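# Survey of secondary and tertiary structure
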Amino acid sequence: QVQLVESGGGLVQAGGSLRLSCAASGSTFRINTIGWYRQAPGKQRELVATVSSGGSPNYADSVKGRATISRDSAKNTVYLQMNSLKPEDTAVYYCNAETALSVYWGQGTRVTVSS
């Protein structure tokens, strides 16, 4: 089992920055890929960014150049730094971790970008 706890959401003005954190616990050694998805009101959940156990990042086109995902294996924490935030980035951001057999989700942290 893997538990994920997100933090760092909040209200920010357009053009601002935010850093989200996801602390993983439990069988973290089994995690292959960890990252972030988001779900805006009335929309499906979508990938934001993930990073593999080897450190290779993957970004959605909508955040490329504005987002940086990083993984601190010693702290079992993954970070998402987002800059130049836009109102369309408003969503609940969920941490996601995938092992060979399971997919885990955090409870989510809300990000609101005001125009």
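Use the structure listed above.
Residues numbered from 1 in each chain as written. Predicted model: local features only at pLDDT ≥ 70, side-chain atom pairs only at ≥ 80, totals over all residues. Heavy atoms only, no water.

## Remarks on the pattern of salt bridges
Opposite charge on two side chains allows them to pair when their charged atoms are near. Applied cut-off: Put simply, a salt bridge is a Lys or Arg side-chain nitrogen that is within 4 Å of an Asp or Glu carboxyl oxygen.
A complete count under the given rule lists four salt bridges for this structure. We note a salt bridge from Asp-61 to Lys-64, for which the minimum N-O separation is 3.2 Å. Each of Arg-38, Glu-46, Arg-66 and Asp-89 takes part in a single network of salt bridges with overlapping partners.

## Focus: the state of the cysteines
Operational definition: The definition used for a disulfide is geometric: two cysteine sulfur atoms within 2.5 Å. Helical segments are the DSSP runs of H or I of at least four residues, strand segments are the runs of E of at least two, and each set is numbered from the N terminus. Categorising residues by exposure relies on relative accessible area from a 1.4 Å probe, with only protein chains included: less than 20% of the type maximum marks a residue as buried, more than 50% marks it as exposed, and the intermediate range marks it as partly exposed.
On inspection of all chains with the given rule, the structure shows one disulfide. Between the sulfur atoms of Cys-22 and its disulfide mate Cys-95 the distance is 2.0 Å. Judged by the torsion about the S-S bond (-85°), the Cys-22/Cys-95 disulfide is left-handed. Remark: Cys-95 occurs in strand β9 (residues 91-98) and Cys-22 occurs in strand β3 (residues 18-26); sequence separation between them is 73 residues. A single burial state applies to Cys-22 and to Cys-95, both of which are buried.

## Focus: the pairing of strand β5 (residues 46-52)
Condition: Pairing between two strands requires that DSSP report at least two bridges joining them.
Two elements, strand β4 (residues 33-39) and β5, share six bridges in a ladder whose sense is antiparallel. Bridge assignment links Tyr-37 to a residue of β5, and that residue is Leu-47. Adjacent in sequence and paired antiparallel, β4 and β5 are bridged by six residues, among which Gly-42 carries a positive phi angle near 75°. Relative to strand β6 (residues 57-59), β5 runs antiparallel, the two sharing three bridges. Its bridge partner being in β6, Val-51 is matched across the sheet by Pro-57.

## A word on the environment of Ser-53
Operational definition: Pairs of residues are marked as contacts when any of their non-hydrogen atoms sit within 4.5 Å.
Along the chain, Ser-53 turns up in the loop between β5 and β6. Separated by 21 residues in sequence, Ser-53 and Asn-32 have C-alpha atoms that sit 5.1 Å apart. In this structure Ser-53 touches Ile-31, Asn-32 and Arg-71, once residues within four positions along its chain are discounted.

## With respect to the side chain of Asn-96
With respect to the secondary-structure elements, Asn-96 resides in strand β9. Sequence-distant contacts of Asn-96, defined by excluding residues within four places in its chain, comprise Leu-4, Thr-33, Ile-34, Gly-35, Tyr-37, Val-103, Tyr-104 and Trp-105.

The values are spatial; any link to function lies outside them.
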